[in-house]
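# Examination of the molecular architecture
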Amino acid sequence: MELVQWVVPRADGTFGVGFAPAWSERMPAVGTLAAGTGMLRRRGAPLSSRHLPYPLAIGAREDESADDQPMRPLKSGQLVLVLRLAVDGEGRPLVGPDADDVRLAGLLAELVRVVADLAEAAGVHAAAIAPERERRGLELSVGTLGAGTVGQLADALCLFRVALEHCAQARGLQLVDACVVLDGKSAPLDGRVARALAGAGAKRKEHP
């Protein structure tokens, strides 16, 4: 039986995690998912990738409405994701400050492929991927996005972050920091990312 890993964004920025059959669209909010909130529903299609052992899907409270979310169209390059990785839990960087560009490029080559694949699978298309300025990871410039809501974009970013964390761990690395930079302002890329996206520039949906 194929399983889907459900990811539930929490108000403190963490994620609840659980598993359900691929055909399931509802499950109880118990254990690590968020005890005491009743039932959860699957929101959107699962993210599938050859880099992941299971597809990932966002879970949300069954009574949580998405009908009045603001729109969040983005121009190419307006949103940047900064992803910092380390070789251990102590935050030791991927390369030392004296490493040459050839060594850095060789180390990041596979990571660039993985990040590009996961971003594509999540629907957060990469316009450009480059080494992060402090040489601790990557910066992903997001391409033009259509007329999606804040919730839809936040879900895609959360799935991308969790997927990248899985892939980093499978390679013996740690994702020590992930943030979004939107209109020059930085915010954590975690379960609270919808708040940052709903700031200046978001437009309320118009209903007929």
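Residues numbered from 1 in each chain as written. Predicted model: local features only at pLDDT ≥ 70, side-chain atom pairs only at ≥ 80, totals over all residues. Heavy atoms only, no water.

## Let's talk about the overall build of the chain
Worth spelling out the cut-off: Helix numbers and strand numbers start at the N terminus; a helix is a DSSP run of H or I with at least 4 residues, a strand a run of E with at least 2. Per-residue accessibility, obtained with a 1.4 Å probe over protein chains only, is compared with the maximum for each type, and a residue is labelled buried under 20%, exposed over 50%, and partly exposed between these values. Throughout, a contact is declared for two residues whenever any of their heavy atoms are within 4.5 Å. Accessible areas in this description were obtained via Shrake-Rupley with a 1.4 Å probe; residue shielding takes into account the shown protein chains only.
Across its full length, the chain holds 3 helices and 10 strands. Walking the chain from its N terminus toward its C terminus, one meets helices and strands in the order β-β-β-β-β-β-α-β-β-α-β-β-α. The buried share of the chain, reckoned over its 208 residues, is 44%. By sequence separation, contacts in the chain at least 24 residues apart represent 61% of the contacts at least 6 residues apart. For the chain, the exposed surface amounts to about 10,700 Å²; the carbon and sulfur share of it is 53%.

## Observations regarding the side chain of D155
Mapping D155 onto the fold places it in helix α2 (residues 150-170). The class of D155 is buried, set by a relative accessible area of 9%. When residues no more than four places from it in sequence are discounted, the contact partners of D155 are R43 and I58.

## Brief notes about the nonpolar core
Considering soluble globular proteins, one finds that nonpolar side chains tend to be buried as a cluster. Condition: For this analysis, a nonpolar core means a set of buried residues of the types Ala, Val, Leu, Ile, Met, Phe, Trp, Tyr and Cys, connected via side-chain atoms within 4.5 Å.
Core analysis: the biggest nonpolar cluster contains 45 residues, and L81, L157 and F160 have the highest contact counts within it. Elements with a contribution of two residues or more to this core: β5 (56-61), β6 (79-86), α1 (101-122), β8 (137-142), α2, β9 (174-182) and α3 (193-197). The element that contributes the greatest number of residues to this core is α2, accounting for 13 residues. Excluding residues that lie within four positions of it along the chain, L157 makes contacts with L79, L81, V124, V180, L189, V193 and L197. Counting 9 residues, the second largest nonpolar core, distinct from the first, contains V4, W6, M27 and A29.

## What about the sheet that holds strand β10 (residues 185-188)?
Here is the rule: Any two strands with at least two DSSP-identified bridges between them are counted as paired. Every axis corresponds to a line fitted to the C-alpha atoms, with the helix fit spanning only the stretch in contact, and the corresponding angles, defined between N-to-C directions, vary from 0 to 180 degrees.
Taken together, 5 strands build an open sheet; the order of strands is β7-β8-β6-β9-β10 and the sheet is antiparallel. The two strands at the open ends of the sheet, each matched to only one other strand, are β7 (126-131) and β10. When the angles between neighbouring strand axes are averaged without regard to direction, this sheet yields 25°. Pairing between β6 and β8: 5 bridges, direction antiparallel. Along β8, the bridge assignment pairs R84 with G137.

## Topic: the pattern of salt bridges
What counts here: Only one rule defines a salt bridge in this text: a Lys or Arg side-chain nitrogen within 4 Å of an Asp or Glu carboxyl oxygen.
In the structure shown here, the tally under the stated rule is 8 salt bridges. Residue E165 pairs with R161 through a salt bridge whose shortest N-O separation is 3.4 Å. Here E165 pairs with R161, and both are found in helix α2, just 4 residues apart, close to one helical turn. Judged by its relative accessible area of 24%, E165 falls in the partly exposed class. For D190, the salt bridge goes to R192, with nearest N and O atoms at 2.6 Å. Judged by its relative accessible area of 31%, R192 is partly exposed.

## Notes on the sheet that holds strand β2 (residues 15-21)
The mixed open sheet is built from 5 strands, whose spatial order is β2-β1-β5-β4-β3. Across the chains shown, the open sheet's two edge strands, defined by having one partner strand only, are β2 and β3 (26-28). Here the strands of the sheet are splayed against their neighbours by 35° on average, with no regard to which way each runs. Pairing analysis gives 7 bridges linking strand β1 (residues 3-9) to β2, with the strands arranged antiparallel. Pairing of W6 across the sheet is with G18, part of β2. In this fold α2 packs onto β1, β2, β4 (39-47) and β5, with an angle of close to 130° to the strand it touches most, β5.

## Topic: α2
The cut-off we apply is this: To estimate the expected span of a helix, subtract one from its residue number and multiply by 1.5 Å.
Its 21 residues place the ends of α2 30 Å apart at the C-alpha level, agreeing with the 30 Å of an ideal helix rising 1.5 Å per residue. Phi turns positive, to about 75°, at G172, one or two residues after α2.

## Remarks on the pairing of β10
Each regular strand shows side chains that alternate between the opposite faces of the sheet. The pairing of β9 with β10 spans 4 bridges and is antiparallel. Of the residues in β10, the one forming a bridge with V181 is S186. In textbook terms, the turn of a hairpin is the stretch between consecutive antiparallel strands, and for β9 and β10 this stretch comprises 2 residues, one of which, D183, has a positive phi near 55°.

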